[in-house]
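Coordinate inspection notes
What follows is each chain in one-letter form.
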Amino acid sequence: LQYSAEHNPDLINSRMSMERYEQNLIAQRASLKSRFSLNLTPVSYSQSRQFDSRFSDWYTNRSLSSSGTFSISQPIIWTDATLSLNNSLSWQNNQSTIGGTTNSNRAFSNSLYLSLTQPLFTYNRTKMNMRQIEMNYENARISYALQMLNVERNITSQFYSLFTAQQNLEISEKELENAEKNFNIIKDKVEADLVTKDEFYQAQLNLSQSRSSLENQRVSLENSKDNFKQALGIPLDEDIRVVCDIEADPVLVDFDKALESAMSSRLELRQREISREQQEMSMIQVKDNDSFSGNVSLSVGIMGDDPNFPHIYDNPTNNPRVAVSFSVPIFDWGARKARIRAAEIERQMFELSAEEELKSIEMNLRSTCRSLDNLLQQISIAEQSQQNAQMTYDLNEERYRNGELTGMQMNQFQTQLSNSKMSYTQAIINYKVQLLNIKILTLYDFEKDEPVVPITYQETKDKKKK
């Protein structure tokens, strides 16, 4: 599990997605601070021939200029307004020729003004955008935590599958060893004319079947290794072997406690709350579409011009500006009403699915809790079955040597023993996998009797530093 946290492809992808949303959140928070900008036009030259309707005559205009604007803009998140301070400095050399007369102007000019733009009768877009990005980031963190739990389930399942394949191979090797031993016994008896040749043929068939079964188990083992290496992120050309001591210690799981933990801790439920809040925001946006809205713009400042730069503001001019504008929809053929109705239906569908998800969580938990007691009984039965099969095989092996049993009968006892060993191992694994499912369903570890706190990406990075 520790290795997969760094190398599992699904976790890496989920972690990168979380980092992307984190950077978006950092960028959005930075955009709420003062923004400084400088726009420069070092040289601009133009010459044009135009008609002056005032004098009913053509004139030629030549202009050479240089300008720059420095701005400081500050968004105001509480009101969705924008406050900005601007300073524009320019120099121009302008000439106009009309009717043989040339007029020229060469001067510096500077405009310094403070402006405020405030939307009216609409929602706060700045706040909503920030909240949406925060929810996207939180949702990405939850997805990463859920992905870690899914990887734990997958890794555990793959681990036990590989362990089962190893156990099955060992059982098949033991089965082949017994088949070879029985074959040699029958072979010696046939050579001594103690048994008929049909027993020799049956022993030979049993030996071939055991060898075939062994090869099948080897193929299955290699396939399980590849699946496990892929889940971990290990190169496929590396050889691995899993080691574990399988024990099935009974664990008491209180259903009421499990249900309470699931309903209060499941990360999917928090994702539902995020989706519900996003639905509300979407409804606000839909209602605001084609609705009555307004805007207020205020600007105060001074402007000065003079051929000499130090004297620009000897005779300044005030340039206040106030503008109030409204957008008044008149008739949209029912488009806005239809969009609102569609959003309401979508919200109703969401609430229905949310209720069904709560039922699904409880049903899955009930089913898993019920299966635990049944699996414990299956383990006990499988253990007793394995012991009986081993004793039965040992007794009949002696009878087989004495010629009291046929090779086909002995092969049946061998198959029974192999199946009972596999069933016992699988019963223990099924119980442990269900305990893991309980932990993931409730975010509570009943084996350790403590809540499960999914590791966040920041905690993972802190562990790396340590």
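This one's a predicted model, so the numbers in the text were calculated from it and none came from an experiment. (Residues numbered from 1 in each chain as written. Predicted model: local features only at pLDDT ≥ 70, side-chain atom pairs only at ≥ 80, totals over all residues. Heavy atoms only, no water.)

Concerning the overall build of the chain
- Scanning the chain for helices and strands turns up nine helices and nine strands.
- A globule of 466 residues ought to have a C-alpha radius of gyration of about 23 Å, yet the chain, at 41 Å, is considerably larger.
- Structurally, the chain occupies a C-alpha span of about 140 × 50 × 50 Å along its principal axes.
- By the burial criterion, 36% of the 466 residues in the chain qualify as buried.
- Taking all contacts inside the chain whose residues are at least 6 apart in sequence as the whole, residues at least 24 apart take part in 75%.
- In the form shown here, the chain has an accessible surface area of approximately 28100 Å², with 51% of it arising from carbon and sulfur atoms.
- Distance from the positive charge centre (50 side chains) to the negative charge centre (61 side chains) of the chain: 8 Å. (Helix = DSSP H or I, 4+ residues; strand = E, 2+ residues; numbered from the N terminus. Rg over C-alpha atoms; globule rule 2.2 N^0.38 Å. Buried < 20%, exposed > 50% of the residue type's maximum accessible area, 1.4 Å probe, protein only. Contact = heavy atoms within 4.5 Å. Areas by Shrake-Rupley, 256 points an atom, 1.4 Å probe, with all protein chains shown as cover. Lys, Arg positive; Asp, Glu negative; His and termini not counted. Charge placed at Lys NZ, Arg CZ, Asp CG, Glu CD.)

Side note on the packing of aromatic side chains
- One pass over the structure, following the stated rule, counts 12 aromatic pairs.
- Considering the side-chain rings of phenylalanine 183 and phenylalanine 200, the 5.3 Å spacing of their centres and the 40° angle between planes classify their relative orientation as tilted. Of the two residues, phenylalanine 183 sits in helix H3 (residues 125-191) while phenylalanine 200 sits in helix H4 (residues 197-232), which places them 17 residues apart along the sequence.
- Its end group placed over the ring of tyrosine 21, arginine 20 keeps NZ or CZ at 4.7 Å from the ring centre.
- In this structure, arginine 125 is placed above the aromatic ring of tyrosine 123, and the distance from its NZ or CZ to the ring centre is 4.5 Å. (Phe/Tyr/Trp six-rings, centres within 6.5 Å; stacked < 30°, edge-to-face > 60°. Lys NZ or Arg CZ within 6 Å of the ring centre and 35° of its normal.)

A closer look at helix H2 (residues 9-31)
- In this model, H2 (23 residues) spans 33 Å end to end at C-alpha, consistent with the 33 Å of a helix rising 1.5 Å per residue.
- The N-cap of H2, judged by a side-chain oxygen 3.0 Å from the amide nitrogen of aspartate 10 a few residues on, is asparagine 8. (Expected span 1.5 Å × (residues − 1). Polar contact = N/O pair within 3.5 Å; in protein donor to acceptor, adjacent residues only side chain to side chain.)

Concerning a negative patch on the surface
- Taken together, the side chains of Asp245, Glu247, Asp249 and Glu447 define an acidic patch exposed on the protein surface.
- Overall, glutamate 447 belongs to the exposed group, its relative accessible area being 52%. (Patch = residues over 30% accessible without salt bridge, like charges linked within 9 Å, V, L, I, M, F, W, Y side chains within 5 Å. Salt bridge = Lys/Arg side-chain N within 4 Å of Asp/Glu carboxyl O.)

Describing the environment of glycine 304
- As for its placement among the helices and strands, glycine 304 is situated in strand S5 (residues 293-306).
- Residue glycine 304 is classed as buried on the basis of its relative accessible area, which comes to 0%.

Comments concerning the environment of alanine 5
- Structurally, alanine 5 can be placed in helix H1 (residues 2-7).
- On a C-alpha basis, the gap between alanine 5 and valine 151 in space is 8.5 Å, while along the polypeptide they are 146 residues apart.
- With residues up to four places along the chain from it excluded, the contact list for alanine 5 reads Leu11 and Arg15.

Some points on the pattern of salt bridges
- Inspection of every chain in the model, using the stated rule, returns 21 salt bridges.
- Glutamate 134 serves as the salt-bridge partner of arginine 131, at 3.5 Å between the closest nitrogen and oxygen. Here the residue arginine 131 and the residue glutamate 134 both occupy positions in helix H3, the gap between them amounting to three residues, near one helical turn.
- Judged by relative accessible area, arginine 131 falls into the partly exposed class, the value being 26%.
- Close ionic contact of glutamate 397 with lysine 181 constitutes a salt bridge, the shortest N to O distance being 3.0 Å. Highlighted residues: glutamate 397 in helix H7 (residues 335-401) and lysine 181 in helix H3, separated in sequence by 216 residues.
- A cluster of three or more residues bridged by salt bridges with shared partners is formed by Arg131, Glu134 and Glu277.

What about the packing of helix H5 (residues 255-265) against H7?
- Packing of H5 against H7 leaves a shortest axis separation of 11 Å and a crossing angle of 145°. Seen from above, H5 lies across H7 with right-handed handedness. Touching Phe255, Ala258, Leu259, Ala262 and Met263 of H5 are Leu358, Ile361, Glu362, Leu365, Arg366 and Cys369, all from H7.
- A breakdown of the residues in the contact of H5 with H7 according to their chemical character gives nine nonpolar, no polar and two charged. (Axes fitted to C-alpha atoms, helices over the stretch in contact; angles between N-to-C directions. Left-handed = near helix turned anticlockwise from the far one by under 90°. Nonpolar A, V, L, I, M, F, W, Y, C, P; charged D, E, K, R; others polar.)

Side note on a nonpolar patch on the surface
- The grouping of Leu83, Leu85, Leu112, Leu114, Val300, Ile302 and Tyr313 at the surface amounts to a nonpolar patch, some 510 Å² of accessible area in total.
- On the secondary structure map, leucine 83 appears in strand S3 (residues 81-98).

Focus: the packing of H2 against H3
- It is at 9 Å that the axes of H2 and H3 come closest, and there the two elements cross at 165°. With respect to each other, H2 and H3 are oriented roughly antiparallel. By crossing handedness, the relation of H2 to H3 is classed as left-handed.
- When the residues that make up the contact of H2 with H3 are grouped by side-chain class, the tally is 11 nonpolar, seven polar and six charged. (Parallel < 35°, antiparallel > 145°, perpendicular 65-115°, else oblique.)

Quick look at helix H6 (residues 267-288)
- An ideal rise of 1.5 Å per residue puts 32 Å on 22 residues; H6 measures up with 32 Å between its terminal C-alpha atoms.
- Among all positions of H6, only Leu267, Leu269, Gln271, Arg272, Ile274, Gln279, Met281, Met283, Val286 and Asp288 are buried.
- Considering only its buried residues, H6 is in contact with H3, H5 and H7.
- After H6 finishes, the residue aspartate 290 shows a positive phi value of roughly 60°.

Regarding the nonpolar core
- Phe228, Val253, Leu365, Tyr431, Ile438 and Phe446 are the most contacted members of the largest nonpolar core, which has 63 residues in total.
- Mapped by element, the contributors of at least two residues to this core are H2, H3, H4, H5, H7 and helix H8 (407-442).
- Per-element tally for this core: the top contributor is H3, with 18 residues.
- With sequence-adjacent residues up to four places away left out, phenylalanine 446 is seen in contact with Val251, Leu252, Val253, Asp254, Lys257, Ala258 and Ile438.
- Core analysis: the second largest hydrophobic core is formed by 13 residues, Met135, Ile142, Leu267 and Leu436 among them. (Core = buried A, V, L, I, M, F, W, Y, C linked by side-chain atoms within 4.5 Å.)

As for the side chain of threonine 126
- Tracing the backbone through its elements, the reader meets threonine 126 in helix H3.
- Not counting residues within four places of it along the chain, the set of residues in contact with threonine 126 comprises Leu32, Ile77 and Asp80.

Description of unusual backbone geometry
- The phi dihedral of aspartate 80 falls on the positive side, at around 65°, and the residue is not glycine.
- One can find aspartate 80 in the loop between strand S2 (57-76) and S3.
- Aspartate 80 gets classed as buried once you look at its relative accessible area, which sits at 10%.
- For leucine 443, which is not glycine, the phi dihedral falls at a positive 55°.

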